[in-house]
Amino acid sequence: MAPRLQLEKAAWRWAETVRPEEVSQEHIETAYRIWLEPCIRGVCRRNCKGNPNCLVGIGEHIWLGEIDENSFHNIDDPNCERRKKNSFVGLTNLGATCYVNTFLQVWFLNLELRQALYLCPSTCSDYMMGDGIQEEKDYEPQTICEHLQYLFALLQNSNRRYIDPSGFVKALGLDTGQQQDAQEFSKLFMSLLEDTLSKQKNPDVRNIVQQQFCGEYAYVTVCNQCGRESKLLSKFYELELNIQGHKQLTDCISEFLKEEKLEGDNRYFCENCQSKQNATRKIRLLSLPCTLNLQLMRFVFDRQTGHKKKLNTYIGFSEILDMEPYVEHKGGSYVYELSAVLIHRGVSAYSGHYIAHVKDPQSGEWYKFNDEDIEKMEGKKLQLGIEEDLEPSKSQTRKPKCGKGTHCSRNAYMLVYRLQTQEKTTTTVQVPAFLQELVDRDNCKFEEWCIEMAEMRKQSVDKGKAKHEEVKELYQRLPAGAEPYEFVSLEWLQKWLDESTPTKPIDNHACLCSHDKLHPDKISIMKRISEYAADIFYSRYGGGPRLTVKALCKECVVERCRVLRLKSQLNEDYKTVNNLLKATVKGDGFWVGKSSLRSWRQLALEQLDEQDGDVDQSNGKMNGNTLNKDESKEERKEEEEELNFNEDILCPHGELCISENERRLVSKEAWSKLQQYFPKAPEFPSYRECCSQCKILEREGEENEALHKMIANEQKTSLPNLFQDKNRPCLSNWPEETDVLYIVSQFFVEEWRKFVRKPTRCSPVSSVGNSALLCPHGGLMFTFASMTKEDSKLIALIWPSEWQMIQKLFVVDHVIKITRSEVGDGDPSETQYISEPKLCPECREGLLCQQQRDLREYTQATIYVHKVVDNKKVMKDSAPELNVSSSETEEDKEEAKPDGEKDPDFNQSNGGTKRQKITHQNYIAYQKQVIRRSMRHRKVRGEKALLVSANQTLKELKIQIMHAFSVAPFDQNLSIDGKILSDDCATLGTLGVIPESVILLKADEPIADYAAMDDVMQVCMPEEGFKGTGLLGH
């Protein structure tokens, strides 16, 4: 089928030869494309939106033919959540609790530990009645042992594929969103469990942690002088093995036990020799536990960065480990077999994922435990190869070849070995009756859920089958042919055929024209269907209005015909109007705006396009989703604000403007041509008078401008040096020729200079406004010393002769002056300076406090950071910036005051000399305005502007700087005005960082790889570890 634009042209081609008044029913049906050929399935690949008879590719393909029942619902088979036969139960990852799940599975498969926990007495008996557990109450374990009991019972006999450990995690107070150190968790939890079980009366329960995991070694120190041997006995629950520089587990164990020499400053004080002597020290293994936990120290402290990092080096280990060479007492049974390998996926110490490979002690088969998913290894063999290939390593070290019974891993962080026994483990651990009843109750809930889900699936399938039959029946009857027809939106038909959404009532309102009929431009999103199909649709789904053959809008077609004909005629008329404009206008004509004449063709084209597609302004989505009312109002308002043709010569009163430079006289012939395109344009015959109100205002404006020029010239002549800022007195170098100087605000002088420079654009300044320099009590707010330094930018000094002239030209609300006098008879005599009015100490103190507070209590203020190398400022290409302002801050964008705007501190009216009240707060606001304008920092190349607040810490600022300069926080050396900023916990306000400050940054060693800073981002906040959790007794 032809493209949509070609169909559009073909539908309206007749308008070239048919005048609007000659439009017939045949033309209307052609415009609505009633008789276009329908498309055929298989030939037409996708739906033709320009053809209302094309019913192919609207979503029908999924319903025609046989359909799989599973496509009728989005509910998974509940049996997928059921535990498979002879498999283990998984644990839900609550966010970042994979490290907890791995240890729970390892401990669960320690049969002795599980059996001992089952023997612990429980408070579950409180929930028991004569015939079982109370139905209305859910069992809530009270202690850590009870939580483990319940979890282990569910892991053993639950029908679920995985269970939720949130009760256990919540009891420990762990943060589910923060990944913790798995090795530290193991140590702390074993310590907590041992402490909890130590209160049990049953020795098999009380001593289970020591029996399973506790060994003993001794720190042995031997004096080289006398040979005296000193022993310090210590228990251990795991051996922490350094892996740096090693390739085999046995090498790590040997280094752990190797002899250390104590020499030099590190010499040992021998009690036998009573002096410091050279000595040797080593660890001797005295006894080993049944379960030997070997912690591979993959996560180490990096001195260069100040944070943890992961060692991704390969370590080889065997499935059989003979520990006899390493123990002091030979002859015992010290052969261990591998029972678990705990894996950390990922290259970073602060991210990644934990899984565990654990051996089933009863079957001897290996399983991979990955939260909810559990995978059985083939052939009873441990397989680590796939895990090692998941994460790319920064080092290109190849994986070493491993022999039979040995393995290599760069991700294993803990190895669990079990003491080898002659007899195989055949004992089965029985779940106590009270726990089994709890498990049975949970299994019943699970079965009820499965039945409910199965019923929902069945209902969805039944609905889907009914819909399938409906579609197969109705789709064949959709094409209208020559029989009676109606129009339905394509979007509604697609939703009817969409199995994922319920079918809503038909809503045709969005495709109606202003005459409440089908708009011709909407035909591209409508489909013509048979009246039979439409009757069924409306009876089943409702809605409306129904669009039958009577919905074809003749008015719209006629108007569209007129617009199209004007469009095609536009170029010809443009040439005609241009020729008419070249001729001299004879007799009466019409006034037209020059701007309108320059762009009339474009305006006409836009107007015709709007009329041609005026439906677009109501082009909301079909079936109830219309345009936002507020948005359409705003768009309409913007359109109204745009000037239409000939409105550029309208004055504010709606009459002809007085400026003849903006308009031109055109002939009647030219105006009649233009009026065809702009029938509503304002019409001004050549004899029409200009607006009388504008003429009066123009005369008044000219008089005011002349008056302002005269005033400005008089004031400039009277105060030439003040205007040109020449020969100004200075307090720090008092002029000898006078003993009195007067003071006005610098703001008054600047406003006055603006007026004198541009008297026609600015209003005259009539009042000095010295009240801005005084407190509410009438006292001066500045000391003599401050006026010579920081406050000198706020005041202007006036000579006595100038002051006399100011009193004549302006209203003086307050006289402020400084008098110099000599005090004492000595030689030289002491000079004293007295202000009138005198200083107000209380208000001065309050002002200083307020200024300091403002500098310490800012939010979203701009500071500048400049990177230096060898104390020279340089520009550095930055990484993507966060919270970094643009090259020009908001304060750099000084807003110009509109012409004639009155300043609150000056009475600018021609009449009235009433003193304006000013409060202390007004004065402070005024001070802020002047200070900000005079002290603003101009950002230079190479600086970064950051938005900060006074209450944020230095560490938070360093994070912002890290994003701006790619320098990690621990590599940043910051200073301000020569003062080093080092306290990361201190706030910027307390460190003296104020708005517009410039902070110098010197980097130790910038990180070259920006992606490597991911680890830094993870540790920007202090590590809390397990602080505040139940593992530390809180």
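For clarity, every value in this text was computed on a predicted model and none was experimentally measured.

**Some thoughts on the overall build of the chain**
Okay, so step 1: Within the chain one finds 28 helices and 38 strands.
Okay, so step 2: Counting only residues that meet the buried cut, the chain has 44% of its 1034 residues in that class.
Okay, so step 3: Taking the contacts inside the chain whose residues are at least 6 apart along the sequence as the reference set, 75% of them involve residues at least 24 apart.
Okay, so step 4: Surface accessibility of the chain: about 56,100 Å² in total, with carbon and sulfur atoms responsible for 48%.

**Looking at the packing of aromatic side chains**
Okay, so step 1: Evaluation of the coordinates by the stated rule reveals 31 aromatic pairs.
Okay, so step 2: Plain terms: the ring middles of Tyr 99 and Tyr 354 are 6.5 Å apart, the flat faces sit at 65° to each other, and that makes the pair edge-to-face. Within this pair, whereas Tyr 99 is found in helix 3 (residues 98-108), its partner Tyr 354 is found in strand 18 (residues 353-359), the two being separated by 255 residues in sequence. Comparing Tyr 99 with Tyr 354, the two get one shared label, buried.

**With respect to the environment of Glu 842**
Okay, so step 1: The topology assignment puts Glu 842 in helix 25 (residues 841-856).
Okay, so step 2: Given a relative accessible area of 59%, Glu 842 falls into the exposed group.

**Overview of the sheet that holds strand 6 (residues 229-236)**
Whenever strands of a sheet pair, they do so through backbone hydrogen bonds, lying parallel or antiparallel.
Okay, so step 1: The four strands lie next to each other as 6-5-11-8, forming an open sheet whose pairing is antiparallel. At either margin of the open sheet sits one strand with a lone partner, and together these are strand 6 and strand 8 (260-262). Strand-to-strand twist in this sheet, taken as the mean axis angle between neighbours without regard to direction, amounts to 25°.
Okay, so step 2: Here strand 5 (residues 215-223) runs beside strand 6; their pairing, made up of eight bridges, is antiparallel. Its bridge partner being in strand 6, Tyr 219 is matched across the sheet by Leu 232.

**A closer look at the confidence of the model for the chain**
Okay, so step 1: In this model, the chain carries a mean pLDDT of 80, and residues with pLDDT of at least 70 account for 81%.
Okay, so step 2: Of the regions scoring below 50 in pLDDT, residues 615-633 engages in 29 contacts with residues more than four places distant in sequence or in other chains.
Okay, so step 3: Residue range residues 635-640 is modelled with pLDDT below 50. Its contacts to residues more than four positions away, or to other chains, number zero contacts.

**A closer look at the pairing of strand 29 (residues 740-745)**
Okay, so step 1: Here strand 29 lies mainly inside the structure; five of its six residues are buried.
Okay, so step 2: Where strand 29 lies against strand 31 (residues 817-823), three bridges are found, and the strand directions are antiparallel. Each bridged residue has a counterpart across the sheet, and for Val 740 the counterpart in strand 31 is Thr 819.

**Considering the nonpolar core**
Okay, so step 1: Grouped together as the largest cluster of nonpolar side chains are 62 residues, with contacts concentrated most on Trp 107, Phe 168, Phe 185, Phe 189, Leu 193, Leu 197 and Leu 342.
Okay, so step 2: In terms of residues, this core owes the most to one element, helix 5 (residues 144-157), which gives nine residues.
Okay, so step 3: Once you skip the residues sitting within four places of it in the chain, Leu 197 turns out to touch Leu 117, Cys 120, Cys 145, Val 205, Arg 206, Ile 208 and Val 209.

**Observations regarding the pattern of salt bridges**
Okay, so step 1: Counted under the stated rule, the structure contains 31 salt bridges.
Okay, so step 2: For Arg 160, the salt bridge is made with Asp 442, and the minimal N-O distance between the two is 3.0 Å. Placement of Arg 160 in the loop between helix 5 and strand 4 (162-163) and of Asp 442 in helix 12 (residues 433-477) is noted, with a sequence separation of 282 residues between them.
Okay, so step 3: On the basis of relative accessibility, which here comes to 23%, the residue Arg 160 falls in the partly exposed class.
Okay, so step 4: With a shortest N-O distance of 3.4 Å, Lys 368 and Glu 375 are connected by a salt bridge.
Okay, so step 5: One continuous salt-bridge network, built from bridges that share partners, spans Glu 8, Arg 33, Asp 521 and Arg 560.

**Re the sheet that holds strand 30 (residues 795-798)**
Okay, so step 1: Strands sit in the order 30-29-31-32 across an open sheet of four strands; the sheet is antiparallel. Either end of the sheet is taken by a strand with one partner, and the two such strands are strand 30 and strand 32 (830-836). Pairwise comparison of adjacent strand axes, ignoring direction, gives a mean angle of 30° for this sheet.
Okay, so step 2: The sheet contact formed by strand 29 and strand 30 spans four bridges and is antiparallel. Its bridge partner being in strand 30, Tyr 742 is matched across the sheet by Ile 798.
Okay, so step 3: The sheet contacts of helix 22 (residues 746-757) involve strand 29 and strand 30, and relative to strand 29 the element is tilted by about 70°.

**A word on the side chain of Asp 181**
Okay, so step 1: Secondary-structure assignment places Asp 181 in the loop between helix 6 (166-172) and helix 7 (182-197).
Okay, so step 2: The class of Asp 181 is buried, set by a relative accessible area of 19%.
Okay, so step 3: A distance of 2.9 Å separates the side chain of Asp 181 from the backbone nitrogen of Gln 183, its partner in a polar contact.
Okay, so step 4: Reaching out from Asp 181, the side chain makes a polar contact with the backbone nitrogen of Glu 184 at a distance of 3.1 Å.

**Here's the deal with the state of the cysteines**
Okay, so step 1: Per the counting criterion, the structure on display carries zero disulfides.
Okay, so step 2: Free cysteine Cys 694: the closest other cysteine sulfur is in Cys 651, separated by 3.7 Å.
Okay, so step 3: Note on Cys 694: relative accessible area 12%, which makes it buried.

**Concerning the pairing of strand 11 (residues 279-287)**
Okay, so step 1: Of the pairings in the sheet, the one linking strand 5 to strand 11 comprises eight bridges and is antiparallel in character. By the bridge assignment for strand 11, Tyr 217 is matched with Leu 285.
Okay, so step 2: Pairing geometry for strand 8 and strand 11, over three bridges, is antiparallel. Following the sheet pairing, Glu 260 is matched in strand 11 by Arg 281.

**A word on the packing of helix 3 against helix 5**
Okay, so step 1: Packing of helix 3 against helix 5 leaves a shortest axis separation of 11 Å and a crossing angle of 75°. Viewed along their axes, helix 3 and helix 5 adopt a mutual orientation that is roughly perpendicular. Only Leu 148, Leu 151, Phe 152, Leu 155 and Gln 156 of helix 5 make contact with helix 3, whose side of the interface consists of Leu 104, Gln 105, Trp 107 and Phe 108.
Okay, so step 2: Considered class by class, the residues forming the contact of helix 3 with helix 5 number seven nonpolar, two polar and no charged.

**Focus on helix 19 (residues 668-677)**
Okay, so step 1: Among the residues of helix 19, those classed as buried are Ala 670, Trp 671, Leu 674 and Tyr 677. Looking straight down helix 19, one finds that the buried residues subtend no more than 110° of arc, so they occupy a single side.

**Overview of a negative patch on the surface**
Okay, so step 1: Where like charges cluster on the molecular surface, the negative patch consists of Glu 698, Glu 700, Glu 702, Glu 703 and Glu 705.
Okay, so step 2: Considering the arrangement of structural elements, one finds Glu 705 in helix 20 (residues 692-718).
Okay, so step 3: Relative accessible area serves as the criterion here: at 37%, Glu 705 is assigned to the partly exposed category.

Calculation criteria
Residue numbers here run from 1 along each chain, matching the order of that chain's written sequence. For this predicted model, a pLDDT threshold of at least 70 governs which residues receive local features, and a threshold of 80 or more governs which side-chain atom pairs are given and counted, while totals over whole chains, interfaces and linings are taken from all residues. Heavy atoms throughout the structure, all of them, feed into the side-chain values; hydrogens and water do not. What counts as a helix is a DSSP run of H or I of at least four residues, what counts as a strand is a run of E of at least two, and both are numbered from the N terminus. A simple rule labels every residue: compare its accessible area, found with a 1.4 Å probe on the protein chains alone, to the largest value its type can have, and call it buried under 20%, exposed over 50%, or partly exposed in between. Contacts: residue pairs with any heavy atoms within 4.5 Å of one another. Only the protein chains shown count as cover for residues, with accessible areas throughout obtained via the Shrake-Rupley method and a probe of 1.4 Å. Aromatic rings from Phe, Tyr and Trp, taking only the six-membered ring of Trp, are treated as a pair when their centres fall within 6.5 Å; an angle between ring planes under 30 degrees marks them as stacked, one over 60 as edge-to-face, and anything in between as tilted. Only when DSSP finds a minimum of two bridges between them are two strands counted as paired. Every axis in this analysis is a line fitted to C-alpha atoms, fitted for helices over the stretch in contact. Angles between the N-to-C directions lie between 0 and 180 degrees. A score from 0 to 100, pLDDT tells how confident the predictor is in each residue. The nonpolar core is taken to be a set of buried Ala, Val, Leu, Ile, Met, Phe, Trp, Tyr and Cys residues, with the residues joined through side-chain atoms within 4.5 Å. Every case where a carboxyl oxygen of Asp or Glu lies within 4 Å of a side-chain nitrogen of Lys or Arg is listed as a salt bridge. Contacts described as polar in this section are N or O atom pairs within 3.5 Å, which, within protein, must combine one atom able to donate a hydrogen with one able to accept it, while residues neighboring in sequence count only if both atoms come from side chains. Disulfides are defined in this document as cysteine sulfur pairs within 2.5 Å. Any angle that falls under 35 degrees is termed roughly parallel, while one over 145 is termed roughly antiparallel, one within 65 to 115 roughly perpendicular, and all others oblique. We call Asp, Glu, Lys and Arg charged. Ala, Val, Leu, Ile, Met, Phe, Trp, Tyr, Cys and Pro are nonpolar, and the rest, Gly among them, are polar. Think of the arc as the fan of directions from the helix axis to the C-beta atoms. Note on patches: the residues involved have over 30% relative accessible area and no salt bridge, like charges join within 9 Å, and the nonpolar side chains Val, Leu, Ile, Met, Phe, Trp and Tyr join within 5 Å. Asp and Glu are treated as the negative residues and Lys and Arg as the positive ones, with His and the ends of the chain left uncounted. Here the site of a charge means NZ on Lys, CZ on Arg, CG on Asp, or CD on Glu.

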